[in-house]
Every structure is written in structure tokens, then in C-alpha cells.
Number of protein chains: 4
Amino acid sequence: MRVAFLGLGQMGSGIARNILKAGHELTVWNRSPDKADVLVSAGARRAASPAAAAADAEIVCSMLADDHAVEAVVFGPDGLLSGGTAPLHAGHSTISVALARRLTEAGGGTYVSAPVFGRPPAAEAAQLNIIAAGPADAIDRAQPIFDAIGKQTFRLGEEPAHANVLKLCGNFLIMGALEAMAEALTLGAKNGLDKAALFDVLTGTLFGAPVFTNYKAALLEGQIRPAGFTAPLGLKDMALVGEAALAARVPMPVLGIVRDHLLQAIAVEGEDVDWAAVTTMVAANAGL
Amino acid sequence: MRVAFLGLGQMGSGIARNILKAGHELTVWNRSPDKADVLVSAGARRAASPAAAAADAEIVCSMLADDHAVEAVVFGPDGLLSGGTAPLHAGHSTISVALARRLTEAGGGTYVSAPVFGRPPAAEAAQLNIIAAGPADAIDRAQPIFDAIGKQTFRLGEEPAHANVLKLCGNFLIMGALEAMAEALTLGAKNGLDKAALFDVLTGTLFGAPVFTNYKAALLEGQIRPAGFTAPLGLKDMALVGEAALAARVPMPVLGIVRDHLLQAIAVEGEDVDWAAVTTMVAANAGL
Amino acid sequence: MRVAFLGLGQMGSGIARNILKAGHELTVWNRSPDKADVLVSAGARRAASPAAAAADAEIVCSMLADDHAVEAVVFGPDGLLSGGTAPLHAGHSTISVALARRLTEAGGGTYVSAPVFGRPPAAEAAQLNIIAAGPADAIDRAQPIFDAIGKQTFRLGEEPAHANVLKLCGNFLIMGALEAMAEALTLGAKNGLDKAALFDVLTGTLFGAPVFTNYKAALLEGQIRPAGFTAPLGLKDMALVGEAALAARVPMPVLGIVRDHLLQAIAVEGEDVDWAAVTTMVAANAGL
Amino acid sequence: MRVAFLGLGQMGSGIARNILKAGHELTVWNRSPDKADVLVSAGARRAASPAAAAADAEIVCSMLADDHAVEAVVFGPDGLLSGGTAPLHAGHSTISVALARRLTEAGGGTYVSAPVFGRPPAAEAAQLNIIAAGPADAIDRAQPIFDAIGKQTFRLGEEPAHANVLKLCGNFLIMGALEAMAEALTLGAKNGLDKAALFDVLTGTLFGAPVFTNYKAALLEGQIRPAGFTAPLGLKDMALVGEAALAARVPMPVLGIVRDHLLQAIAVEGEDVDWAAVTTMVAANAGL
């Protein structure tokens, strides 16, 4: 397929490379154009604007930092919609539920929300989990690209925003799971238990979920640098969860806790720590 | 082996039966003696007191309701220690860390803490996970009984109380996991997602832990009766977690939340609901 | 003075009337013009736009619903700044810290933040507490108006946004105080104490603050309708507090609680309840 | 009157001195007898046991550290009830609701709960607020003593435990008020406001309660040593609140927060800090 890819950060460049590897024709665009160099030397074309990248494409994929970036790329001058027609657009970014609804309305059936679970190494290894929601035929057309970049696509129905809600639920649950596990491990450690032994029993029985093994180094050794996903980005996502909860009238007390621990982590440790620093705040508050 | 078993509630009677099935000689005692009838007709002997049950036994196993019951059975008149000698004692009850330390001191090397994970059906099916801590030789001697009643024994070192800390951590994490998942599912439901679809994606990716599948009916259908483990019992365990956290100086904000939701569940729904009612409180507070 | 007043809701119309009463020349504007009828018949002039109202004024006062309304009135077409010059502007609305900073920058020394404490009856009675921050000479010029509408002006320095931070702190503390008092009263009531007697002793000793007497009917009788200030408006303010806390990296656990109780109040009771319904949620969650 | 006073700690010795000053005949007892020296040299008699102190007394007053101490003094050998009769007993200690009920039952109409609000300087100055509950005639008989030691007696009805519930509510509210105020001040400080100016406006308007002025040094200057009332004692009281809430089925989310901040204060700062250290934890978690 002829694919346009917008946004070449840590996640986006890994994803784009897999599209290229799978044999598709790739045009790329990034706000700072030099980020495209590696992909261009690997065979991609560089475009000067989102609109230019999309001009000839059968599908546009985007992976951008936040709502603001997506709004600029879609609704701005030289944005995807600036030409008057809406291309098929698979949005992989973690954005607000409200923006997903606005993209859906503006896209007239061409917009698919397709946020992903997985960190940069999973993006590079084409091992992402993709959550896709939107018109069935639009997802069908996008599926070859999803197959090239992920290990699994979960289809969640016709309403694009539903995929974004799910993504936010997932990120919230990562924080909630790490918070609770850190509290348990800290209680154990301050009672003289070996944290690793405690962790092994807990994850060897009722709590054997990938989320815990993914964050084992943070939970057991307090490793929060270098960041795979920074605390400020995590906080941004928790703010999106909070907005969605506020709009839908849903009290979420665990959200309050993880938000506060992210704030503490940033205030005390700095802006560069991994969002898993919620776990080291739990330990620090107990004097560890 | 000649085994004495003290405490024939829902969990204890299932466990005792498996000891009998495995070919051991079983003497049983229960505060209300009629609870022993079924086991007696299956071949067990009935004793009139804990001391009498223990008199001739190579090992004493106990599964009792709370600290108070364990104290009576061990330290009371006609209790395990009333004869002046301490039998090998495997304590399966969920008790306080403080009491575990007292039992250790009083037992002089004969006490093994061996709390279990698993609900009554797992007890009947000999599918419990057993957490054992205590002197290695004592655990070795108890191991044939553990093999008869569980699917796996996790050894956690020489300090009995450590097994109780782990058990409390586990019960706390069950509550914490259900609370967080319920918040996510409620956010999804109030945004129009199908709860079951959302649950399937979350547990099909990062959150694929048995704790969630075990409580699927509560999470998805709000089923909180009949109780497998009642909210007041869950609250009692959370109080034990709180005591341990207080003694060890460990702030545990998620504990505060689940405690409050258990209190709400009991205040609003009644004393008979399952402790998984924390999940229905989350939904109710969002107007569902 | 020649005064322009923008925004004639419950608070604004009461304030405007007092400006008129004090003998100033008043021009008013409101988005729905009929809200101005009463004031016009009392001697005020009606303007067709914010810019028109400001044209001839020595000072412009505004009391609007939210950030959005203030942005429209200041930065929009026919807004205060549309003519190229910035009039002296006293902003009484509860707005975000970020918008206060933007108004300061755009105003070039003419903007004073002057949020108020007090509900509609206090506005009508010229009994508001006014928190003023901005250039000293600008506040000096505005002081005769503040004297006409309030009982006291607190000056908080040169930085307008500081007044908005203080206002948000105050609204947060109202919620926090009501939440804590409601928890105490509920504990008392469920232990058989008379709530009114308990309240009288507490407010007769350490906790004798106006915030509690102001909300006595909600605390003691659960009176949450009709609303003096609705729960959705309170929630909007708590969201502003949350944004400020997020930007400044301040964990605020009590904020999480009151936000959740406001959400519960709206979800369960409806959009029309007073924000003091946080207190009835506390009681309801205990089964009262 | 002939008065026996049991418990001569910081609070008790100040109270006892005022009884003596008022012209009553005083017999004192303390577990470590040397604490009585000063009072004896001022005219009090020393007794060897609670029972001996009470032998000839018209009223017994007690001010002890915790439930355990009260139980020993009342129910122990040589305790108040060891002689078979129950003297009129005014209990000033902060104890559990459950123990108050037990004292009531055992006392047969002779027990009055009379906990106090006020720190040691208030005890010395006879400026305590006394909360009295119990049989009206018993309180009448105790009133002259209350008049000698306090500035005001609040009568709360016939049920002694109600006074203890109120005392726990009060101590909880102190913590809750300090927590919320600290959050507000921290938000202000991190936005550039002068904490003292912010505090003055807040306490000059809606929040003008003695609780805030009493703790001004902690709130504004972070002064948490020397302790007027230590964090571990405060934590003990919050645990009593928690037990009462658990027994009465009352969710109290603010209690969870202050408990966690007390735990953090002790874990991080040490056992010797004032319970107002909840406020410095709020600041520390924001990086101040």
C-alpha cells in the first residue's frame, strides 16, 4: 500500500520502519524533518507537510505526542483536512476522548482510532497490541498495516473514541497495578521479607500479569532511569483519564492516588524519571 | 501421618477431607462439634478439645476464623500448649503478624505459618497455594500434608510471620486489583463501551492475571451474592493489613480506598455480600 | 466613576446593582441582553458588546461563568481588546491561573484580578470579600468600586494571578472543610450522637469558622436543594485547582476525595444539587 | 472535695495542680511515683496504688496514655474496681469507644467520660474545654472539679461513650483541617504566593478557626519540633477513630490520608515529631 506516516518520535520511527520492512511504499513527515533521515535512507520518501504526505496515500497513520500535535496535523494549515477531502486515517496517538470524537465527526467515516499498547522496543519488534475502533470497512482497509506493526489487533466496534477510552483505561490500570504492588512490596520489605521472593510468589499465583514483569526492575530495584515513558507523559495521560472521568461523572479514587504520586515523583526526582517512579514514591514515603 | 485438624469451617472441612483421602490418620476438633459429623462418618476421629486432638498427633493443622479463635485454641485451657509441650503446628488461618510472632515465640521451633490462597472450591479440590514459613525441618515434616491439600507450596524462609505478611499482601492486592479494574470498567461503561469486550482486551494483554478471571462475575455482572468470602471477613483482613502497616510505618493509600469501599458495601448492601462488592460500590458511586 | 459591567448572572447582577446604588454611572452588557432589563430600568445604560460597554468607561468589571466566557469577552471580536487599547479591567470571575496570566500579559498593566468570596445574597448586600492583585495604582483606581460592592478588600501584591490562586485555594478549602466535617458528623451520628449537639461543640471550640455555619443546613439536615452554587460549578472549580496543582507539581490528596464526591453527587443526585452535596455523599456511603 | 488523681504526665500534672489550687484535697498516683514529687511538695498526698488513692475520695479523675493504661488502672489488681465498689470516676483520657462502653457497664452509673481539648499549656492555665457525658447526677457531682480545670464544660448527654466519640471526631478534624490547609498553602507557595499572606486572608475570612492559629508555626514555618503532641500519639488516636469507623461502618477517606501522612512523618522524620508534621509531609511531597 501507499502509506503516509506522521510523527517520528521513539514510537513512531519504530512503527514506520516496520511498515517499510513489510514492503509498503512509505512517505514520512515529522515536525523536525531531520528525524526522518534514517527512514529516508532506508527507502522512504520525505514530505514537507502532513497534507503533502497524504496527497497520494491510501492510508495515513499518525503517532504524535498529544492532543495539540494531532489538532495541528489534522485541522491546521497544510493539515490532513486542508485539501477538502479526508483520507483514511489511522490515529495511533494517545489522545483525549473529546478529540477522538471531533476527529470522527470531521472525518466522515474515514477515521479509525488505533492506539497501541507497548513500549519502544515492542514498536521496533512489531509486537504492539493494537486497539482499533471505527467503521468496519475502514479497519479492514487498514488491517494490512496493523499486521505489519503489531502482533494482535483487537477490534472494538464502530465508535473510534471507544479505542481511546480503552487505551486510557489501560494506562490507568498500569499505574494502579504498580501502585498497589508497590504498597504490598513495601509492606513486605519493612516486615523483613525479601522483595524478590515476595514478588515471585505473588506473580506466581493470583497476580501473574505481564504488567508486573514489565516493570520488575522498578518494583524490585527502584530503577526509574532511563525512562521508557516519562512521568510527565504519564501524568498527561492520567489528566486525560481525569477529563474523561469528569465528563462521564465517574469517581476514580485510585486515579487520585497515582496522579499524586506522579506529581510527587516529578517534584522530588525531576522531569526525567520513568512513570514507574510511582513505585519509588511509595517506598520513599515509608522511609525506604 | 497422625494428623490433628482444628477448625472445620468452609475452608477447614474441605482441607481436612483431603488429608483423610490421602491416607493419613485424622483426628478433628471443632468448637461446634456437629461440624465434624461428615468427616467422622468418613473415617476421622472426633476429639473433645484441641489438646485432646493433639495428644497423639505428629502434626496439628489449624484453620480458624480469626486471631481470637487461634489464641483460644493455642493458649487457652485445653489449648495446644496447655500440656506443657508444643506439638508441630501448621497454622493455615489468616491472622495478624503480631500473633504469628507470639505463636513463634511460644512454639519454640515447632510452629509453621502456612496460610493458603484459594476459596472453598479450591480447598475441596486440593488446589490451594500454600505459603509456608518456619524452621526448614518443621516444614519438611509438614510437607506431606501440604502435598495432600494444595497444588503448590511456596517456602518463604525461617520466619513464620513472613508467610502471614505475604498472605495479607495477597489479600490486599486482590482488593486493590478489583478496585482499579472496577474503576476502569466503570469509566468504559459510562463512555458506552461494552464491559465484557473491554475486560477481554485488558485481560488479554497486560492484565491477564487469575485474580481478574476469578472475579469476572462480580466485575461484569455485579454478582456479589452468595458470598464466597464475605465483605466483613475481607474488612477484617484489611484491618490486619492496616495494623501491620501501622506497626511497620508504611503509608498505603490504596488500602484506605478499599477499606472505605468495603465499609460502604456493608453499610449499604448488608453484612452478607462478597468482598468483591468493592466493585459494585465503584459502579454505584458513578450512578450505575 | 464611569463603570462598565460585563456579565449579569446571579452574582453579577447583585454586584452591578451596588455599583449603581453607590452613585456611579453604569453601562452593562450581558450575552443574553434581557438579563439587563432590571438594571436598565434602575438607571443603567445597555451596551451591545463588551467593546461598546468599555468605550467610554474608566473601569470595566467582569463577572463571567468560566474561562471560555472570559476569553470571548476579552479576546473575541467586539471584545475588550478589539479596539487596540486596554481599559482598566477588574476581573471578578473564578478563572484558571493560566488565563489570569494571559490576561495580565495582554493587558499591559491594566488588568487586576479581583475574585470574590460570598454567595449571591452577600453580593446583593455588598458584603463580599474581595481579593485584589495587580499593579498598585490600578488597584487604587479600582478601590472605590470594590468599596461599593464588598465589605473588605484584601490586597495580595502585584501579580494578578495570585488572587486567582487564592480564590481557588479558598474554594478547595470549603470543599475540604465540608468533607472532613461531614465525615466527623457521620461517625458521630452512627454512634448515636445528636449531630446538632456534636456540631455545636465542635464549632464552639476549635472549629468555629464561618465556613461551617454557612453550610449548617447541608451538614445537619442534608439540605442540598435549591443550590446556591451547583455541584457542576464546584466541580469546574476543583478542575481548575487540579490544573493549577498539576502545573505546579503539587500532590493534593484531599482534592481527589472532594472531586470524587462531587462526581458521585452529580451522578447519583443530578446536576442541580448544591456543591455541599459532598456532605450528603459522605452520609449516604455510610448508609445514612 | 476529696479528689484522687491518676496519671501525672504532661497533661495530668497540669490538671492536678489546678485541682489543688482550687482548694480541693488531692491524693495522686502515678505508675512512676517520682512524677508526683512536685505535687506532693505542693500539698498533695501520694498513694501507692489506684485503689489506695481512691479509698477515701469523693471523686477519682484519671488522665492516662492509652486504653491499656486505663484498663490496668481500673480493672487490674489494686485497680479502681478491685475493692468491689465503684467510685465516682471522671475519665479524661483519650480512649477507644469500646473501652468507654466497658467502663460504663462496669461502673454501674458512676462513670463519666470527660475527655478534654487543649494542649499542656492550656491544661496548666485551666483553659481546657471539657466534654462530659454520663449520668446527669454524676456530672453534677464532678462539675466543681471541671470548673477548676477548664474554661468550659460541654454536656453531651447520658451515654459516656458519646464524649469519647466527640473527642475522636475533634482530633480527626484537627488532622483533617491541617491537611487541607497545608495542601492549599503548598499550592499557593508553589505558585509564588507568600504563605503568610495567603494564610492571613484565608483565616481572615471563611476559615477563621482556632485550629489554624494554634498550628500556625507548623503551617507557615514547618516547625514540628519540639512536639506538643507527638505523631505516634496522633497516629494512635487516628487508629482509635479507624476502629470506631470500622465498628460503625463509616467510610472516612480523609482519615486514610492523614493516617498515611502521619506514617510518612514518623518513617521519614522520626518518632519525636509533632503530629502537625502532616503539614510538612504535604509540602515535602511537592518538593518544598
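(A) Quick look at the overall build of chain A. A count of helical and extended segments in chain A gives 14 helices and nine strands. Over its C-alpha trace chain A gives a radius of gyration of 20 Å, about what one expects of a compact globule, namely 19 Å for 288 residues. With the C-alpha coordinates aligned to their principal axes, the bounding extent of chain A is approximately 65 × 45 × 35 Å. Here chain A holds 288 residues, and the buried ones make up 59% of them. When contacts within chain A are restricted to residue pairs at least 6 apart in sequence, long-range pairs at least 24 apart make up 61% of them.

(B) Highlighting unusual backbone geometry. Residues and elements named next belong to chain B. Note the cis peptide between Arg225 and Pro226, where omega equals -5°. Here Pro226 shows up in the loop between α11 (216–221) and α12 (231–248). For Ala126, which is not glycine, the phi torsion reads 55° and is therefore positive. With respect to the element layout, Ala126 can be found in the loop between α6 (120–124) and β8 (128–132). Judged by the 19 C-beta atoms lying within 10 Å of it, Ala126 falls in the partly exposed class.

(C) Broad picture of the sheet that holds strand β1 (residues 2–6) of chain B. Residues and elements named next belong to chain B. Strand order in the open sheet formed by six strands is β3-β2-β1-β4-β5-β6, and the pairing between neighbours is parallel. Two strands in the sheet have a free side with no partner beyond their single neighbour: β3 (45–46) and β6 (111–113). Relative to β6, strand β5 (residues 89–91) runs parallel, the two being bridged by three bridges. Residue Ala90 lies in a different strand from β6, and its bridge partner there is Val112. Sitting on the sheet, helix α7 (residues 136–149) touches β1, β4 (59–62), β5 and β6, and the angle it makes with β4 is about 70°.

(D) A look at the relation of the copies chain A and chain B. Each copy superposes on the other: chain A lies on chain B with an RMSD of 0.0 Å after a rotation of 180° and an axial shift of 0.0 Å. In short, the pair behaves as if placed about a two-fold rotation axis. Considering only C-alpha atoms, the part of chain A nearest the rotation axis is A:Ala209, at 2.3 Å. In this assembly the copies share their binding face: 100% of the residues contributing to the interface of chain A also contribute to that of chain B.

(E) Inspection of the relation of the copies chain D and chain C at higher detail. Once chain D has been moved 0.0 Å along the axis and rotated by 180°, it coincides with chain C to within an RMSD of 0.0 Å. A share of 100% of the interface residues of chain D reappears at the interface of chain C, consistent with the copies meeting face to face through the same patch.

(F) Quick peek at the domain arrangement of chain A. Residues and elements named next belong to chain A. Assigned domains of chain A: these are domain 1 (2–158) and domain 2 (164–285). If you average the C-alpha positions of domain 1 and of domain 2, the two centres end up 28 Å apart. Counting residues at the interface gives 13 residues for domain 1, matched by twelve residues for domain 2. The residue inventory of the side of domain 1 that touches domain 2, partitioned by class, reads eight nonpolar, three polar and two charged.

(G) Inspection of the interface of chain A and chain B at higher detail. Taken together, the contacts link 54 residues of chain A with 54 residues of chain B. The biggest single contributor to the side of chain A that touches chain B is helix α8 (residues 160–190) of chain A, with 19 residues. Residues belonging to the side of chain A that touches chain B are distributed by class as follows: 37 nonpolar, twelve polar and five charged.

(H) The nonpolar core, seen in detail. Judged by nonpolar contacts, the single largest core of 464 residues is most densely connected at A:Val278, B:Val278, C:Val278 and D:Val278. With residues up to four places along the chain from it excluded, the contact list for C:Val278 reads C:Met175, C:Leu178, C:Glu179, C:Ala182, C:Val258, C:His261, C:Leu262 and C:Ala265.

(I) Spatial organisation of the sheet that holds strand β2 (residues 25–29) of chain C. All names here are of chain C. With parallel pairing, six strands are arranged side by side in an open sheet as β3-β2-β1-β4-β5-β6. The open sheet has two edge strands, β3 (45–46) and β6 (111–113), and neither has a second partner. As paired elements, strand β1 (residues 2–6) and β2 share five bridges and run parallel to each other. Across the sheet, the residue bridging to Val3 is Leu26, located in β2. Packing against the sheet, helix α7 (residues 136–149) makes contact with β1, β4 (59–62), β5 (89–91) and β6, and its axis sits at approximately 70° to β4.

Scoring rules and cut-offs
- Residues numbered from 1 in each chain as written.
- Chains lettered and ligands numbered in written order.
- Predicted model: local features only at pLDDT ≥ 70, side-chain atom pairs only at ≥ 80, totals over all residues.
- Helix = DSSP H or I, 4+ residues; strand = E, 2+ residues; numbered from the N terminus.
- Rg over C-alpha atoms; globule rule 2.2 N^0.38 Å.
- Buried ≥ 20, exposed ≤ 12 C-beta atoms within 10 Å, placed from the backbone.
- Contact = placed C-beta atoms within 7 Å.
- Pairing = 2+ DSSP bridges.
- Axes fitted to C-alpha atoms, helices over the stretch in contact; angles between N-to-C directions.
- Least-squares fit on C-alpha atoms with pLDDT ≥ 70 in both.
- Domains from an automatic or database assignment.
- Nonpolar A, V, L, I, M, F, W, Y, C, P; charged D, E, K, R; others polar.
- Core = buried A, V, L, I, M, F, W, Y, C linked by C-beta atoms within 7 Å.

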